[in-house]
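Here is how the chains run, residue by residue.
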Amino acid sequence: MTTLTLTELYTADDGRARFRDWPVALSEGTPAARLSSLMASGGCQFRRSPVGFASDFHCTGTPQWLVVLQGRMEIGLRDGTARVFGPGECFYSNDTLPAGARFDPQVHGHRSRLLGDDPLVTLFVRA
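What counts, and at which threshold
- Residues take numbers from 1 onward in each chain, read along the sequence in its written order.
- Given that the model is predicted, a residue must reach a pLDDT of at least 70 before its local features are reported, and side-chain atom pairs must reach 80 or more before they are shown or counted; all residues, however, enter totals for whole chains, interfaces and linings.
- Values shown for side chains rest on all heavy atoms present in the structure; no hydrogens or waters enter the calculation.
- Salt bridges, as used here, are contacts in which a Lys or Arg side-chain nitrogen is within 4 Å of a carboxyl oxygen on Asp or Glu.
- In this description a helix means any DSSP run of H or I spanning at least four residues, a strand means any run of E spanning at least two, and both kinds are numbered starting from the N terminus.
- Under the scheme applied here, a residue whose accessible area is under 20% of the maximum for its type counts as buried, over 50% as exposed, and between as partly exposed, the area being computed with a 1.4 Å probe on protein chains only.
- Whether two strands pair depends on DSSP finding at least two bridges between them.
- Helix axes are fitted to C-alpha atoms over the stretch in contact, other axes to C-alpha atoms as well, and angles between N-to-C directions run from 0 to 180 degrees.
- Definition of a polar contact: a pair of N or O atoms within 3.5 Å, with one able to donate and the other able to accept a hydrogen when the atoms are protein atoms, and with sequence-neighbouring residues admitted only if both atoms are side-chain atoms.
- We call two residues in contact whenever any of their non-hydrogen atoms come within 4.5 Å of each other.
- By nonpolar core is meant a set of buried Ala, Val, Leu, Ile, Met, Phe, Trp, Tyr and Cys residues that side-chain atoms within 4.5 Å join together.

A. Molecular detail of the pattern of salt bridges. Scanning the model with the defined rule gives five salt bridges in all. A salt bridge links Arg83 to Asp21; the shortest N-O distance between them is 3.7 Å. On the criterion of sequence distance, the pair formed by Arg83 in strand E8 (residues 82-85) and Asp21 in strand E2 (residues 17-26) is long-range, its members being 62 residues apart. Judged by relative accessible area, which is 27%, Arg83 ranks as partly exposed.

B. Region of the structure containing the sheet that holds strand E7 (residues 72-77). Spatial strand order, E8-E7-E10: three strands in an open sheet with antiparallel pairing. For this open sheet the edge positions go to E8 and strand E10 (110-115), each flanked by a neighbour on one side alone. Along the sheet, successive strands turn relative to each other by an average axial angle of 20 degrees, direction set aside.

C. Summary view of the sheet that holds E2. With mixed pairing, the six strands of this open sheet are ordered in space as E2-E1-E9-E6-E11-E5. Each of the sheet's edge strands pairs with one partner strand only, and the pair in question is E2 and strand E5 (44-49). The average undirected angle you get between the axes of adjacent strands in this sheet is 30 degrees. Taken together, the six bridges between strand E6 (residues 64-70) and strand E11 (residues 120-126) define a ladder with antiparallel strand orientation. From the neighbouring strand, Val68 faces E11, where its bridge partner is Thr122.

D. The side chain of Glu8, seen in detail. Within the secondary structure, Glu8 sits in strand E1 (residues 2-11). Here Asn94 takes part through its side chain, which lies 3.0 Å from a polar atom of the side chain of Glu8. Each residue touching Glu8, except ones within four places of it in the same chain, is listed here: Arg18, Phe19, Arg20, Tyr92 and Asn94.

E. Quick peek at the nonpolar core. Ranked by internal contacts, the top residues of the largest apolar core, which has 13 residues, are Leu9, Leu66, Val68, Met73, Ile75, Phe85 and Phe91. Elements that contribute at least two residues to this core include exactly E2, E6, E7 and E11. Among the elements that make up this core, the one with the highest residue count is E7 (three residues). Residues contacting Ile75, with those up to four places away along its chain left out, are Leu9, Phe19, Thr81, Ala82, Arg83, Phe85, Phe91, His110, Arg111 and Ser112.

In structure tokens, the structure reads:
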């Protein structure tokens, strides 16, 4: 069995967004085409963001996979950490607002922005 290491953007116990690696076991399929177990999903959406796109700090409303199809995007955290994702790369966006908390942009969430001169095309797959 092999694994695929993916990125998860999550909310830590202190309410702040963090990145962590998430190993996904590839335990199904054949030796020529290893598969993970089937994961539930609740629909998908495509998004096209124009050159210059940038968001303010926000939390993920519903946990979802984000797959970059075209362009490059940067996800930045309050602590200054940032990761860049390009075509064919994905991450699990799971930095939801902690239960009972009011959104504080100085503490919660992440920001995103397009890098480069190409529009950003992404696929969101709800978990």
